[in-house]
Amino acid sequence: MVENRPWLNVLTHLVLVVGVIVIAFPVYLAVIASTHDEGAFLRGVVPLLPGPHLLDNYGQMLSQGMSTSGAPPLTLMLANSLVMAIAIAVAKIAISIISAYAIVYFRFPLRTLAFWTIFITLMLPVEVRIIPTFKVVADLGLLNSYAGLTIPLIASATATFLFRQFFLTVPDELMEAARVDGAGPMKFFRDILLPLSRTNMAALFVILFIYGWMQYLWPLLVTTDTKFYTVVMGIKRMAAVADADPQWNLVMAAVVLAMLPPVLIVVFMQRLFVKGLVETEK
């Protein structure tokens with residue numbers, strides 16, 4: 001039984017409050033900065049209260065973009081990032097759950113070696129093999145395309161490992177009962193394993209969606225056409241303009257809009273996300 005100590009409750013709540021302030025204050029500054037005009041930042045003092053230009057800044061970024069930095073309208077970049085993040089998350093989960101199912105439930109030579117070969121690829125992320133990967137994508141004519149943005153990133157050893165560990169906890173009696181009822185491998189996978197894996201897939205989807213949304217280096221290499229710019233690329237271009245001061249009010253408006261999709265995904269899938277991470281009994 002945990003002893004009730006008032007001073008300990010006060011200390012823990014104080015630590016939580018300080019942590020929230022440290023995390024939330026930069027976000028607050030970004031929101032406030034997006035409501036002012038460009039001149040507010042030329043004075044050298046960051047405003048702490050909202051300004052009157054919220055609708056103007058957000059409307060300009062969504063409809064026109066920032067022509068001085070070569071960034072297209074934010075609507076297009078948000079759509080590209082959304083397509084990339086969803087495609088990466090869905091494809092990673094689909095490939096990983098099928099490969100884990102094959103490794104756990106099928107008996108074939110060198111099965112363990114196949115799993116460890118997949119697992120070793122954790123040491124070879126895209127940043128390590130980026131030059132040969134770019135060469136392959138360029139030779140296949142996938143530059144400036146959604147396929148080039150997503151296909152090199154859809155394999156995931158981590159997701160395969162997580163699904164394998166979960167499948168190992170599924171009682172063998174379920175497989176035997178399905179076999180007695182005449183269910184084949186695909187029916188067992190579709191009707192039993194997939195429903196049991198729902199929370200795991202939801203948790204992985206949140207993580208992988210954010211992973212795909214935050215990609216910067218790979219889209220920077222494979223896209224030269226503004227029609228395929230992602231929002232992270234666009235923000236970097238806006239903040240790194242040459243021979244001019246960045247328009248921080250518009251940059252912060254883009255930052256706030258870029259934060260919304262990942263935040264909404266986490267908020268709406270929070271219960272499944274937490275359940276998928278902590279649930280041990282199926």
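Numbering of residues begins from 1 in every chain and follows the order in which that chain's sequence is written. Predicted model: local features are reported for residues with pLDDT of at least 70 only, side-chain atom pairs are reported and counted for 80 or more only, and whole-chain, interface and lining totals are derived from all residues. The side-chain values count all of the structure's non-hydrogen atoms but skip hydrogen atoms and water molecules.

K.L.:
Go over helix α5 (residues 130-139) with me, naming the residues and quoting the values.
P.N.:
For every residue, the accessible area (1.4 Å probe, protein chains only) is compared with the maximum for its type, and the residue is labelled buried under 20%, exposed over 50%, or partly exposed between those bounds. Per the convention used, a helix needs a DSSP run of H or I reaching at least four residues, while a strand needs a run of E reaching at least two, with both numbered from the N terminus. Of all the residues in α5, the buried ones are I130, T133 and V137. Looking straight down α5, one finds its buried side chains confined to an arc of 65°; they lie on one side. Away from its buried face, by an angle of more than 90 degrees, α5 presents the exposed residues I131 and D139. In this analysis, two residues are considered to be in contact whenever any of their non-hydrogen atoms come within 4.5 Å of each other. Summarising the contacts, the buried residues of α5 are in contact with α6 (146-150) and α11 (217-222). G141, located one to two residues past α5, shows a positive phi value of around 70°. It is the directions from the helix axis to the C-beta atoms whose arc is reported.

K.L.:
Lay out the packing of helix α1 (residues 6-33) against helix α13 (residues 248-268) in plain terms, naming residues and giving numbers.
P.N.:
Inter-axis angles, ranging from 0 to 180 degrees, are taken between N-to-C directions of lines fitted to C-alpha atoms, where helices are fitted over the stretch in contact. One way to put it is that α1 packs onto α13 with a least axis distance of 7 Å and a crossing angle of 125°. In terms of axis orientation, α1 runs oblique to α13. For α1 against α13, the interelement crossing comes out left-handed. Every residue of α13 that contacts α1 at V27, A30, V31 and A33 is listed here: N249, M252, V256 and M259. Any angle between 65 and 115 degrees counts as roughly perpendicular, while under 35 counts as roughly parallel, over 145 as roughly antiparallel, and the rest as oblique. By the definition used in this description, the sense in which the near helix is turned from the far one sets the handedness, with an anticlockwise turn below a right angle giving left-handed and a clockwise turn giving right-handed.

K.L.:
Report on the nonpolar core, specifying residues and quantitative values.
P.N.:
Here the nonpolar core consists of buried residues drawn from Ala, Val, Leu, Ile, Met, Phe, Trp, Tyr and Cys, with membership extended through side-chain atoms lying within 4.5 Å. Within the largest apolar cluster, 51 residues are counted, with the highest numbers of intra-cluster contacts made by L74, Y105, F167, L193, V231 and M238. When residues of this core are traced back to their parent elements, those giving at least two are α1, α2 (54-63), α3 (74-105), α7 (157-169), α9 (185-196), α10 (198-213), α12 (231-239) and α13. Top element by residues in this core is α3. It accounts for 11 residues. Beyond its immediate stretch of four places on either side in the chain, F167 contacts I97, A100, Y101, V104, Y105, L193 and S197. Among the nonpolar cores identified, the runner-up in size contains nine residues, and I130, V137, L149 and L153 belong to it.

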